Amino acid sequence: RRRRWRLRLQLRPRMSSGFNKARLLGSTLAAMALALPLMSSAGVLPDDRADALYHRYEGGGVTIQGPSVLVRKKMAEKYAVSANYYQDMITSASIDVEVSGASEYKEERDQYTLGFEYLRGKTTYNLSYTNSEENDYDAQTATFGLSQDLFGDLTTISMGFSRGSDKVRNSTDPSFERDIDRWSYRVGVSQILTKSLIASMNLEVITDEGFLNNPYRSYRYIDPNDNRRFILAQEVYPRTRTSNAVAINGRYFLPYRAAIYGGYRFFTDTWDIRADTFELGYIHPIKQQWTLEARVRYYQQDNAEFYEDLFGRVDQQNFMARDKELSTFNSIAFRIGASYEFAPVTGWGFVKKASVNLFYDRIEFSYDDFRDARVSKLAPTDPNYRPPGSEPLYEFGANVIQAFVSIWF
């Protein structure tokens, strides 16, 4: 339950916590690309394809794993339909769970997506619907977008709109149910600058309204009767949030078929979070079948205006939060991966070609104003005990594995 809320916030800067632990979660986000409707280049619909994926994230006391299956089919070269199933199986004993005194928990999230695309001339229209369910959170999202080729197909302009409606529940309180409404607006342009260089710029504006905090998460404040201890209380968030993000990306193709790519993304919102994401990667083909990839991504953000690791008293201000994803922190992720593509020599019936792909990400998170409160829960006589506000700053590493098979038919 608590992980679901963390992931939602982590997705914001890229949407909100930008770098993600997750889009993760750095790599799990890559995995989540299979859970979203595929965006094709205007003028041509992608080939028929099926993907089967397994993803696993492990770090900070949280393990997230599960499968995903995607099938896509064209009809008459101008229509395409796609269907996707994505599952998260979560086991969590994170620092937040430990500090609250709760025990490890397990849960499952199932997500279904249906997509439709229509190609008319050099314009592609796409429509999709996603439904995600777990025991205490339901999410429904409808998305519409279009892209148009211009100037001899050297320029592509795209725009889109999403409308989300979520239901928040609390498994410990059957009477608790709250709503969240989400609106997302996107516009982008990609440009072929030279025969070797492609660049793009994208702008996204997201507005959320409703119950935006985690019903299980607490902030902490100094015990007025014993400053060696702290007390937990339910977080209080604003009911609205507007986020803005702009991203610039480029890809340069080298003479020996390899490519380098990079990008920068700036994020800001009405909660006073500011975030920067930098990315640099290299893709290297070997002969006709192997492709190797290496990437590094750095993310940094400032804390929300109502975030504090330790408050002086209960109800100190109107809004109070201690979610580490709203704190000041940075993360760096390293990715290595390989893809092997092959075509059947004697034929596999309807299969034209296939690929096997394996990627590994190592992500390091470092927090500047979120402390390890487990230390101050120890007995004062314990040599590892530290009073509230003087605990060591929290940091952890995570491993993300993404393995999938793709078949074109």
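Structure's up top.
Residues numbered from 1 in each chain as written. Predicted model: local features only at pLDDT ≥ 70, side-chain atom pairs only at ≥ 80, totals over all residues. Heavy atoms only, no water.

Engineer: Can you explain the overall build of the protein chain? Please cite residues and give values.
Structural biologist: Tallying secondary structure elements over the protein chain gives three helices and 19 strands in all. Sorting the 409 residues of the protein chain into buried and exposed places 47% on the buried side. (Helix = DSSP H or I, 4+ residues; strand = E, 2+ residues; numbered from the N terminus. Buried < 20%, exposed > 50% of the residue type's maximum accessible area, 1.4 Å probe, protein only.)

Engineer: Can you explain unusual backbone geometry? Please cite residues and give values.
Structural biologist: One non-glycine residue, A76, lies in positive phi territory at about 60°. Looking at where A76 falls in the secondary structure, it is placed in the loop between β3 (62-75) and β4 (79-92). Owing to a relative accessible area of 65%, A76 belongs among the exposed residues under this scheme. A positive phi angle is found at E77, which is not glycine, with a value near 60°.

Engineer: Lay out the environment of A294 in plain terms, naming residues and giving numbers.
Structural biologist: Assignment of secondary structure puts A294 in strand β16 (residues 290-301). For A294 and I283, which are 11 residues apart along the polypeptide, the C-alpha to C-alpha distance reads 6.7 Å. Those residues within four positions of A294 in sequence are excluded, and the remaining contacts are Y261, L280, G281, Y282 and R335. (Contact = heavy atoms within 4.5 Å.)

Engineer: Go over the side chain of T143, please, and point to the residues and values.
Structural biologist: Tracing the chain through its elements places T143 in strand β7 (residues 137-150). You can call T143 buried: its relative accessible area is 16%. Here S162 takes part through its side chain, which lies 3.0 Å from a polar atom of the side chain of T143. With sequence-adjacent residues up to four places away left out, T143 is seen in contact with N126, L127, S128, F161, S162 and R186. (Polar contact = N/O pair within 3.5 Å; in protein donor to acceptor, adjacent residues only side chain to side chain.)

Engineer: With reference to specific residues and values, describe the pairing of strand β10 (residues 197-210).
Structural biologist: Note that strand β9 (residues 173-192) and β10 share 13 bridges and pair antiparallel. In the strand pairing of β10, Q191 is matched with A199. As judged from the 13 bridges shared by β10 and strand β13 (residues 240-253), these two strands associate in the antiparallel manner. Directly across from E209, in β13, lies its bridge partner T240. (Pairing = 2+ DSSP bridges.)

Engineer: Help me get a handle on the pattern of salt bridges, residues and values and all.
Structural biologist: Within the structure shown, the criterion is met by 32 salt bridges. A salt bridge links R109 to D88; its shortest N-O distance comes to 2.7 Å. Here R109, found in strand β5 (residues 105-120), pairs with D88, found in strand β4; they are 21 residues apart in sequence, far enough to count as distant. Note on R109: relative accessible area 1%, which makes it buried. The structure contains a network of salt bridges with shared partners spanning D96, R217, E235, D323 and K324. (Salt bridge = Lys/Arg side-chain N within 4 Å of Asp/Glu carboxyl O.)

Engineer: Just give me the short version of a nonpolar patch on the surface, but keep the residues and values in it.
Structural biologist: A cluster of nonpolar side chains, contributed by M75, Y79, V81, F116, Y125, L127 and F144, occupies part of the molecular surface with about 580 Å² of accessible area. Within the element layout of this structure, Y79 appears in strand β4. (Patch = residues over 30% accessible without salt bridge, like charges linked within 9 Å, V, L, I, M, F, W, Y side chains within 5 Å. Areas by Shrake-Rupley, 256 points an atom, 1.4 Å probe, with all protein chains shown as cover.)

Engineer: Outline the nonpolar core, listing residues and values.
Structural biologist: Residues Y57, L326 and F365 are the most contacted members of the largest nonpolar core, which totals 38 residues. Breaking this core down by element, the ones donating at least two residues are β3, α3 (95-100), β7, β9, β17 (329-342), β18 (353-371) and β19 (393-408). With five residues, the next largest nonpolar core counts Y219, Y221, A233 and M320 among its residues. (Core = buried A, V, L, I, M, F, W, Y, C linked by side-chain atoms within 4.5 Å.)

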